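# Examining the three-dimensional arrangement
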Amino acid sequence: MAKNLRCCERGTMTLTMSQLFLGAITFGIGTFRGTEAYVSFHQETLVGHANYAASKMSADHARASNVIANDNAISAAIMGPRFAVEADNITMDQNAMIACPQWGNPYMAMVCSRYQQNKPRALAKLTWVRAKQLFLWSALGKLSGDMDKVASLSAAEQVANAIRSTDSDVSVRIDDPSSRQSIWGGSNTTVACTLAQKDTLSSPMPGAAFPMMMPTLLAALPKALVQVLPQAICGALSNTGSIRLPEVPSVAKQTDADCKTLEEEMRCSISRTSRGGSGGCGAFEAREVTSLEEDDNDGSTRTPTFSKEVRPFLKCAPMTLGSAPRQLASGGYTYRAASNGALVTCTFDRDKCDTDKLVENTDSYLQELGLPSIPDLSSLGGSTREPSDADWNHSNLLRACAYASKPVDEKVAGLSDAVRNLASFGQAASSNVLRKRREYRTCGKWYFPDGPGSDFSEVSHDHQPFVAAWKWSLVAGRK
């Protein structure tokens, strides 16, 4: 009996000790799984903080972009009335220049009288709309320039406060381009003026002063002026390249006189040649044409006997067998060269002359009105805005990243070390895996939705800063 009892006790102790060891292993494995779960939650929590920070930054930037787009639209909207009022005032002056010298004509006398009576009202309206445009462009331009940076600073502060209230041990670092530069630092004033021109031309504003203030003799002039004022005031590109105002009587009259004078000068030079000798011809001092084929060292031919004012509109060539006299809009002039007796035909391109001189005279006319051909954009009071990088939808300019980090609890790291030591029977080396500092990154961007299938895909790139449709999204996963 005693022998059996001893065997039973020995077996029981052996079994107990083996079960105790297996229990320790089981407890260690369970504890190790607990640290693994902690690390997983730790990582996902930091990713959540980074996602929140990046979302908040990009959402507030997108909201600021839409405010700036609205500012741009308001600035463009006020420029339209200015164009219309400027055009009406100029048209009134042109009507007076025609009508007032004709006091003997009752209708013209009435037009002139109405002009003198109502011009002060028109000037007051012009002064008001200029001041209004100057104020809005100055205020909104400054607001748009600061809006994005203010939104960034405000969003960063809100992110820091929200995360601090949740877990004070979490550290968040934000990389925002607006902290280094002005994101909306570009100017698109010429686009704003072009949009204002389109709106004004399709509205009843041009010519609204007629016949309310006075009858007009130049009904087409207000809209013609609106077509060129964006270029004269804002430096916008004209659809036709250069400013031309044939609707202004003084400009058209001067253009016709200039071209007639140049053509007469050409005819005079040829007339002197046909008679032989040199000397004057009316108001011109013309030299004898002796050569039409002088080389100018670049393979081209010149007609040096004609003045430099005439040459751009002149083409002379010796006639050959079977060739007809050259004819253009104003016909041609033929003479026999004194040097070799060859018959030479010269033509004056009146169409080209009218076009070129109309540009010159229009420019002079606008300068007389105080609208120079090279506009002083500072006189507008400010500027409408666009992103500093012209390729804003495909660059890193409109992108902010948030980095979140937090050290792993030292107790968890120590417990993990103990479990590793126990599971390896004391053979595991020390590890700093859980003690290494890590950051989890998420990035967000704000953009104009111009991709295929978007409701705004047909908005041209240069018009996007005037449409409040800016969006945001997260664009980079954790790292």
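Refer to the preceding data block for the structure.
Presented here is an overview of the structure given in this document. (Residues numbered from 1 in each chain as written. Predicted model: local features only at pLDDT ≥ 70, side-chain atom pairs only at ≥ 80, totals over all residues. Heavy atoms only, no water.)

### Quick word on helix 6 (residues 350–368)
In this model helix 6 runs 26 Å from its N-terminal to its C-terminal C-alpha over 19 residues, within 8% of the 27 Å that 1.5 Å per residue would give. Where helix 6 begins, the capping side chain belongs to Asp-349, and its oxygen is found 3.3 Å from the backbone nitrogen of Asp-351. (Helix = DSSP H or I, 4+ residues; strand = E, 2+ residues; numbered from the N terminus. Expected span 1.5 Å × (residues − 1). Polar contact = N/O pair within 3.5 Å; in protein donor to acceptor, adjacent residues only side chain to side chain.)

### Quick notes on the state of the cysteines
The final tally for this structure, using the stated rule, is four disulfides. Each disulfide pairs two cysteine sulfurs, and for Cys-100 the partner residue is Cys-112, the sulfurs being separated by 2.0 Å. On the S-S bond that ties Cys-100 to Cys-112, the torsion sits near 95°, and the link is right-handed. In this pair, Cys-100 is assigned in the loop between helix 1 (2–99) and helix 2 (106–166) and Cys-112 in helix 2, connecting sequence segments 12 residues apart. In this structure, Cys-100 and Cys-112 share a single accessibility class: buried. (Disulfide = S-S within 2.5 Å. Buried < 20%, exposed > 50% of the residue type's maximum accessible area, 1.4 Å probe, protein only.)

### Looking at the packing of aromatic side chains
For the structure shown, the criterion picks out four aromatic pairs. A network of ring pairs unites the aromatic residues Trp-184, Phe-448, Phe-456 and Trp-470 as a single cluster. Here the guanidinium or amino end of Lys-445 rests over the ring plane of Tyr-447, the centre of that ring lying 4.9 Å away. (Phe/Tyr/Trp six-rings, centres within 6.5 Å; stacked < 30°, edge-to-face > 60°. Lys NZ or Arg CZ within 6 Å of the ring centre and 35° of its normal.)

### Describing the nonpolar core
Met-79, Phe-83, Trp-137, Cys-234, Leu-245 and Tyr-365 are the most contacted members of the largest nonpolar core, which has 33 residues in total. Secondary structure elements with two or more residues in this core: helix 1, helix 2, helix 3 (189–201), helix 4 (221–234) and helix 6. The contacts of Met-79, once residues within four sequence positions are left out, are Gln-133, Trp-137, Cys-193, Ala-196, Cys-234 and Leu-380. Among the nonpolar cores identified, the runner-up in size contains 18 residues, and Met-57, Ala-62, Ile-183 and Phe-448 belong to it. (Core = buried A, V, L, I, M, F, W, Y, C linked by side-chain atoms within 4.5 Å. Contact = heavy atoms within 4.5 Å.)

### Structural notes on the environment of Asp-363
Assignment of secondary structure puts Asp-363 in helix 6. Between the C-alpha atom of Asp-363 and that of Ile-243, which follows or precedes it by 120 residues, the distance is 7.2 Å.

### Some words on unusual backbone geometry
Note: most peptide bonds trans; most residues except glycine with negative phi. Cis geometry marks the peptide bond from Phe-210 to Pro-211, where omega comes out at 0°. Mapped onto the secondary structure, Pro-211 falls in the loop between helix 3 and helix 4.

### Section: the packing of helix 3 against helix 4
Following both chains from N to C, one finds helix 3 and helix 4 inclined at 170°, their axes separated by 9 Å at the closest point. Relative to helix 4, helix 3 is oriented roughly antiparallel. Only Lys-223, Val-226, Gln-227, Val-228, Pro-230 and Cys-234 of helix 4 make contact with helix 3, whose side of the interface consists of Thr-189, Thr-190, Cys-193, Gln-197, Thr-200 and Leu-201. Residue classes in the contact of helix 3 with helix 4 are distributed as six nonpolar, five polar and one charged. (Axes fitted to C-alpha atoms, helices over the stretch in contact; angles between N-to-C directions. Parallel < 35°, antiparallel > 145°, perpendicular 65-115°, else oblique. Nonpolar A, V, L, I, M, F, W, Y, C, P; charged D, E, K, R; others polar.)

### A closer look at the environment of Lys-471
Its location among the elements puts Lys-471 in strand 13 (residues 471–476). Along the chain, Lys-471 and Phe-448 lie 23 residues apart, while their C-alpha atoms are 6.2 Å from each other.

### Quick word on the environment of Ile-163
Within the fold, Ile-163 resides in helix 2. Here Ile-163 falls in the buried class, since its relative accessible area comes to 2%. Note: C-alpha distance between Ile-163 and Ala-50 (113 residues apart in sequence) is 9.8 Å. Not counting the four nearest positions on each side in its chain, Ile-163 is found in contact with His-49, Tyr-52, Ser-168, Val-170 and Val-172.

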